[in-house]
Amino acid sequence: GWACWKTYLGLSETDQVRLVAMDQLGNGLHEAGNYEALSVREAILSMLRRIGSPEDDMLAGQSNLASSYEAVGRVEECLRIRRDVYSGRLRLHGEEHPQTLIAANNYASRLVGLKRFEEAKTL
């Protein structure tokens, strides 16, 4: 958690250990139902953009952020990001890649949760 984050705080933004520590902090806070996960995940995505991370990493960060938005009730933002992640995975990997299928499922699940069944069927 926070102790792990504090240990690696002084490392460069491009250091993988720092990124893993931030990711673990965000995941732990999210699993514990702590709303601070949202700010950690926003910081991770911002950092990934700044350092020019590969698109796969960016999409993973966006997917995690979408989960945090959903957890705090920001469903429209969650849905927008889920759509973007699905589109990105589809463009990068094609329809049948496991990551694309996971992104499609996450997007469709959110649509079903909002009772937008016709849109979900198109996936």
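Our structure's up above, just so we're on the same page.
Asker: Would you mind showing me how to read helix 4 (residues 55-71) here?
Answerer: For helix 4, built from 17 residues, the straight-helix expectation of 24 Å at 1.5 Å per residue is met to within 8% by its first-to-last C-alpha distance of 24 Å. Every buried residue belonging to helix 4 is among M58, L59, G61, Q62, S63, L65, A66, S68 and Y69, and all of these are buried. The inward-facing, buried residues of helix 4 contact helix 2 (16-31), helix 3 (36-51), helix 5 (75-93) and helix 6 (98-113). Looking one or two places after helix 4, you find G73, whose phi comes out positive at around 85 degrees.

Asker: Help me out: how do you make sense of unusual backbone geometry in this one?
Answerer: Residues apart from glycine generally show negative phi values, whereas peptide bonds are mostly found in trans. Its identity is not glycine, yet K115 carries a phi of approximately 60 degrees, on the positive side. Mapped onto the elements, K115 comes out in the loop between helix 6 and helix 7 (117-121). The class of K115 is exposed, set by a relative accessible area of 63%.

Asker: Just checking my understanding: could you explain the nonpolar core for this structure?
Answerer: Within soluble globular proteins, side chains that are nonpolar generally end up buried alongside one another. Formed by 17 residues in total, the largest nonpolar core has its most connected members in L65, Y69, I81, V85, Y86, Y107 and L111. Core analysis: the second largest hydrophobic core is formed by 10 residues, M22, L25, L29 and I44 among them.

Definitions and limits used
- Residues numbered from 1 in each chain as written.
- Predicted model: local features only at pLDDT ≥ 70, side-chain atom pairs only at ≥ 80, totals over all residues.
- Heavy atoms only, no water.
- Helix = DSSP H or I, 4+ residues; strand = E, 2+ residues; numbered from the N terminus.
- Expected span 1.5 Å × (residues − 1).
- Buried < 20%, exposed > 50% of the residue type's maximum accessible area, 1.4 Å probe, protein only.
- Contact = heavy atoms within 4.5 Å.
- Core = buried A, V, L, I, M, F, W, Y, C linked by side-chain atoms within 4.5 Å.

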